[in-house]
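A structural walkthrough
Residues per chain, in single letters:
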Amino acid sequence: MIKKISLLLIAFILLIGAQAKADEGMWIPMLLEKYNIEDMQKAGFKLSAADIYSLNEACLKDAVVGLGREGSPFHHFCTGELISDEGLMVTNYHCGYGAIQDHSTLEHDYLKDGFWAMSRDEELVNEGITASFLIRMEDVTSQVLDSITDETKEDDRQKMIQKHIKKIQKASEKDSDYRASVKAFFNGNQYFLSVYEIYKDVRLVGAPPSAIGKFGGDTDNWMWPRHTGDFSMFRIYADKDNKPASYSKENVPMIPKQSFKISLKGANEGDFTMVFGYPGTTTEYLTSDALDLMTKVDNPHKIKIRTKKLDLMRADMDASPLVRIQYSAKYAGVSNSWKRWQGEIKGLDRLNAISKKKELEKKFEVWANSSDDLETKYAGIVSEMGVLYKELTPVSLARDYAIEAGMRGAEVVSFAHKFKKIARLTKKDKDQLADLVVDLQKSGDKFFKNYNVSTDRKLLAALLKMYSENLEDKYLPKEIVDIRDKYKGDFEAYAEKAMSKSVFTDQAKLNELLSDYKLSRGKRLAKDPIFVLANSIFFFYESEISPVYTKVLTKTTKLQRTYMAGLMEMQKEKIFYPDANSTFRVHYGKVAGYKARNAVTYDYYTTLEGIIEKDNPEIFDYDVPQKLRDLYHAKEFGSYANTQGEMPVCFAATNHTTGGNSGSPVLNANGELIGLNFDRAWEGVMSDLMYDPEICRNVSLDIRYVLFIVDKFAGAGYLLDEMNIVQ
Ligand code: ARG
Ligand code: ASP
């Protein structure tokens, strides 16, 4: 009898095991029907898979956009969603931050004061932002891997894949305005095509002041409990046929196939939630050696470099309001990964991630040796990867410094590097000159608008010093070695001298050089000390570091692909989800707080009361606008309060999200919008590498707070008229 029961139990467990489970995973919309829908419905979801993704009918996916930039539209930096039939789109404040900052000056400080277009005419044009609607997806693995076998050499394989991808993309774009992109899934074991309609006229409609949109700033970033009103609104415009078009006065608000209903019911503990969006990158299936390199070598150094950058920027931003406007977006950018890396290291440590990976690898090795067939395919690959990661370590570190302290160190370095082409222009290419000059003048305008020489000089000196002190000479660009030796390690003296001599730190000097530019001036550029430095840094990276790095990495990539295939073959009953790769995904889980550490348990939502608790006019990040204080004290929450009469602000849930999911719609069981995803909680940011349902939480802004701010705080309630708000 007991035996029978346990057999039944095993059968039952296997059955459950054959279905994907909520929380962990970022799922492919066209495969929900096959893998997830039963589990989703069991967890409370009331609709069908076709309500989310369907080829023939308008469905929820049609209300979601991937936000990109002209030139790289398939690399989605954030997600947005349509909340009206007149193209109104909402995303995070931090996703629109660059645009808001671009429109800001000391006279019109939209960062400080917020911005609301009171009519369509006042909406602000943003060059270069794109919004992509997914039309369809298709598994194109067999076409991409056509005539590729295990014997195909890796180089040839990659070439053939690229060729096939081009062909597929071209065929799918034919006779349409659509744009197609084929991407690798499961480390190159599978390929999917995504076809998009990409809109190019995306205008800023409104944003709260940064004291709301960025409340808590970089201090609260990646943290829970959270009180950030992280939203901004845009409107997508189309030509008169509702098709994508570059900005034109004649354009009209686009009519989406679908827009989200907004629910005022909110999120309650245990509620089913799902998130749709464009997660950027995760690496869940790496081996222990890869994790070792990342958490013990690469990231600690990158953290160290960025700590220096941030300290220097912060000091100057605190001292000058102008520098604060100029550097706020840059600061936030540098700070964001800097902080996440630190949380990741802690989180992985706490999970014993490396030992867990090692255990799995041991199991894998035993399995790989269990038959001749498996042995030829999989035996020994994990240790082979280990050898490669050892080889990669010094090169990887040199690459970190080249990027973080060199090419993206002091800004003047990458700016000067933009002049490489014009400096080397010969008579033969003279006809390119006029265009080049115009481009460079434009770059110059953009660069100097947000540039402070004195800040950058400190950065240059400090970063070159770190660069030179942390690597052996053979990994240093020649110019840095020369500077170190000539100035006896006094990089400040060097920076002072080089930057005062250079044309790249002074817009007037630079414009003078560019106006009426003659080829003979290339010589002058070639002698500019910053130009010399920039060239040396970039040249060294491109010729000595990057090729070696890529060569070793290509070998690990191949082994990783095999390892991934092996893992899937070994655990046949498990439903795997592919790593994030900036394609459309569905995440689902439930609203939940968590136990952060010994004796500390967090609630699942925050309210306006918490903002008032944090209020401190002395601290920039916590200086609550007076009007918000007044609304709080008057309890003027309109219909946006929860059933306890509180004004909800954020909530936490178990959806497995990552960078790129910012701005993603958070939906309830009926597919109605209840929030905007914008972050994750500190204890769980290692979810990009290893997810833990106990502590990994995505952080969302409650949509009721968005409406409250638009309506009661900003007085832009007219925008609500075009939304579909349900009780
Ligand atoms: N951590 C969030 C994400 O990765 C928000 C970042 C923007 N906010 C900030 N304070 N830097 O994008
Ligand atoms: N804040 C991230 C983003 O910008 C989201 C995350 O990493 O959780 O996409």
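Scroll up to find the structure.
What you are looking at is a predicted structure, and each value in this text was computed from that prediction instead of being measured.

Moving on: the overall build of the chain. On a plain count of helices and strands, the chain comes out with 27 helices and 22 strands. Overall, the chain is about 90 × 75 × 60 Å in size when its C-alpha atoms are taken along their principal axes. Long-range pairs, those at least 24 residues apart, make up 77% of the contacts in the chain with a sequence separation of at least 6. About 32000 Å² of surface is accessible on the chain, with carbon and sulfur atoms providing 52% of the total. Charged side chains of the chain number 98 positive and 105 negative; the gap between the two group centres comes to 4 Å.

Moving on, we come to helix α18 (residues 433–449). The periodicity of an α-helix, 3.6 residues per turn, causes residues three or four positions apart to be oriented the same way. Taking 1.5 Å per residue, 17 residues should reach 24 Å; α18 reaches 24 Å between its end C-alpha atoms and fits that length. What α18 keeps buried is the set Leu433, Leu436, Val437, Leu440, Gly444, Phe447 and Phe448. Looking down the long axis of α18, one finds its buried residues gathered within 95° of arc, a one-sided arrangement. Counted as exposed and oriented over 90 degrees from the buried face of α18: Ala434, Asp435, Lys442 and Lys446. Elements that come into contact with the buried residues of α18 comprise α12 (321–350), α16 (411–417), α17 (420–423) and α22 (507–514).

Another point: the site of ligand 1. Around ligand 1, the structure places His94, Lys214, Gly217, Asp218, Asn221, Trp222, Ala332, Asn336, Ser662, Phe678 and Asp679. Take Asp218: an N or O atom from its side chain is 2.9 Å from a nitrogen atom of ligand 1. One nitrogen or oxygen atom from the side chain of Asn336 is found 2.9 Å from an oxygen atom belonging to ligand 1. The fraction of the free accessible surface of ligand 1 (340 Å²) that becomes covered by protein chains is 88%. Secondary-structure elements contributing two or more residues to the shell around ligand 1 are α10 (217–220), α12 and β20 (673–680).

Near ligand 2 the following residues occur: His94, Trp222, Thr658, Gly659, Gly660, Asn661, Ser662, Phe678, Asp679 and Arg680. The separation between an oxygen atom of ligand 2 and a polar side-chain atom of Ser662 is 2.4 Å. At 2.9 Å from a nitrogen atom of ligand 2 is found a main-chain nitrogen or oxygen belonging to Phe678. Its free accessible area being 270 Å², ligand 2 has 92% of it covered by the protein chains. If you tally residues by element for the shell around ligand 2, the top one is β20, at three residues. Here the shell around ligand 2 is built from residues that sort into two nonpolar, six polar and two charged.

Along the chain, the position of Ser468 falls in helix α19 (residues 453–470). For Ser468, a relative accessible area of 8% translates into the label buried. Polar side-chain contacts of Ser468 include one of 2.9 Å to the backbone oxygen of Lys465. Look past the residues within four positions of Ser468 in its chain and what remains in contact with it is Leu476, Ile480, Arg484 and Phe491.

Glancing now at the environment of Lys390. Mapped onto the secondary structure, Lys390 falls in helix α15 (residues 381–407). With a relative accessible area of 65%, Lys390 lands in the exposed category. As for Lys390 and Leu293, which are separated by 97 residues in sequence, their C-alpha atoms are 8.3 Å apart.

Quick look at the packing of helix α21 (residues 491–501) against helix α24 (residues 529–570) now. Running from amino to carboxyl end, α21 crosses α24 at an angle of 115°, the nearest separation of the two axes being 7 Å. Comparing their axes, α24 and α21 come out roughly perpendicular. Here α21 contributes Tyr494, Ala498, Met499 and Lys501 to the contact with α24, which in turn contributes Pro529, Ile530 and Leu533.

A cluster of basic residues, Lys486, Lys497, Lys501, Lys523 and Lys527, forms a positive patch at the surface. At the level of secondary structure, the elements contributing two or more residues to the positive patch comprise α21 and α23 (522–527).

Across the 10 residues of helix α5 (residues 93–102), seven count as buried, placing the element largely inside the fold. Along α5, the residues that are buried comprise Tyr93, Cys95, Gly96, Tyr97, Ala99, Ile100 and Gln101.

Of the two faces of strand β3 (residues 88–91), the one lined by Leu88 and Val90 and the one lined by Met89 and Thr91 are each fully buried. Pairing between strand β2 (residues 78–82) and β3: two bridges, direction antiparallel. Among the inter-strand pairings, Glu81 is bridged to a residue of β3, identified as Val90. Hairpin connection from β2 to β3: five residues lie between these consecutive antiparallel strands, with Gly87 at a positive phi of about 75°.

Within the element layout of this structure, Lys330 appears in helix α12. Distance in space between the C-alpha atoms of Lys330 and Asn450 is 9.3 Å, their sequence separation being 120 residues. Those residues in contact with Lys330, other than ones at most four positions away along the chain, are Glu411, Asn450 and Tyr451. Among the polar contacts made by the side chain of Lys330, one reaches the side chain of Glu411 at a distance of 2.8 Å.

Empty space among the atoms becomes apparent when a probe as large as a water molecule is rolled across them. Applying the stated rule across the entire model yields two cavities of 30 Å³ or more. Here the largest cavity is characterised by a volume of approximately 60 Å³. Forming the walls of the largest cavity are Leu67, Phe77, Met89, Thr91, Cys95, Gly96, Ile129, Val202 and Phe234. Of all the secondary structure elements, the ones that give two or more residues to the lining of the largest cavity are β3 and α5. In this structure, the second largest cavity encloses a volume near 40 Å³. Surrounding the second largest cavity, Asn655, His656, Thr657, Arg680, Gly684, Ser687, Tyr691, Cys696, Arg697 and Asn698 form its lining.

Among the nonpolar cores identified, the biggest contains 187 residues, and Met233, Phe504 and Tyr705 are the most heavily contacted of them. It is α24 that provides the largest number of residues to this core, a total of 16 residues. Residues contacting Met233, with those up to four places away along its chain left out, are Ile83, Met89, Val90, Trp116, Arg203, Leu204, Val205, Gly206, Val706, Val710, Leu719 and Met723. Counting residues in hydrophobic clusters, the runner-up holds 26 residues, among them Val65, Leu124, Ala207 and Met254.

Attention now moves to the state of the cysteines. What we call a disulfide is simply a covalent bond connecting the sulfur atoms of a pair of cysteines. Evaluation of the coordinates by the stated rule reveals one disulfide. The disulfide partner of Cys78 is Cys95, and the gap between their sulfur atoms is 2.1 Å. Given an S-S torsion of about -75°, the disulfide between Cys78 and Cys95 has left-handed geometry. Here the residue Cys78 occupies a position in strand β2, and Cys95 occupies one in helix α5, the gap between them amounting to 17 residues. This pair shows no difference in class: Cys78 is buried, exactly as Cys95 is. A disulfide-free cysteine, Cys650 has its sulfur positioned 14 Å from the sulfur of Cys95, the nearest such atom. You can call Cys650 buried: its relative accessible area is 1%. Not engaged in a disulfide, the cysteine Cys696 finds its nearest cysteine sulfur in Cys650; these two sulfurs lie 18 Å apart.

Here is what the cut-offs are and how they apply
Residues numbered from 1 in each chain as written. Chains lettered and ligands numbered in written order. Predicted model: local features only at pLDDT ≥ 70, side-chain atom pairs only at ≥ 80, totals over all residues. Heavy atoms only, no water. Helix = DSSP H or I, 4+ residues; strand = E, 2+ residues; numbered from the N terminus. Contact = heavy atoms within 4.5 Å. Areas by Shrake-Rupley, 256 points an atom, 1.4 Å probe, with all protein chains shown as cover. Lys, Arg positive; Asp, Glu negative; His and termini not counted. Charge placed at Lys NZ, Arg CZ, Asp CG, Glu CD. Expected span 1.5 Å × (residues − 1). Buried < 20%, exposed > 50% of the residue type's maximum accessible area, 1.4 Å probe, protein only. Arc of directions from axis to C-beta. Near = heavy atom within 4 Å. Polar contact = N/O pair within 3.5 Å; in protein donor to acceptor, adjacent residues only side chain to side chain. Nonpolar A, V, L, I, M, F, W, Y, C, P; charged D, E, K, R; others polar. Axes fitted to C-alpha atoms, helices over the stretch in contact; angles between N-to-C directions. Parallel < 35°, antiparallel > 145°, perpendicular 65-115°, else oblique. Patch = residues over 30% accessible without salt bridge, like charges linked within 9 Å, V, L, I, M, F, W, Y side chains within 5 Å. Salt bridge = Lys/Arg side-chain N within 4 Å of Asp/Glu carboxyl O. Pairing = 2+ DSSP bridges. 1 Å grid on protein atoms, 1.4 Å probe; cavity = no way out; pocket = protein on both sides within 12 Å on 5 of 7 lines; lining within 4 Å. Points joined across faces, edges and corners; volume = space filled by probe spheres on them. Core = buried A, V, L, I, M, F, W, Y, C linked by side-chain atoms within 4.5 Å. Disulfide = S-S within 2.5 Å.

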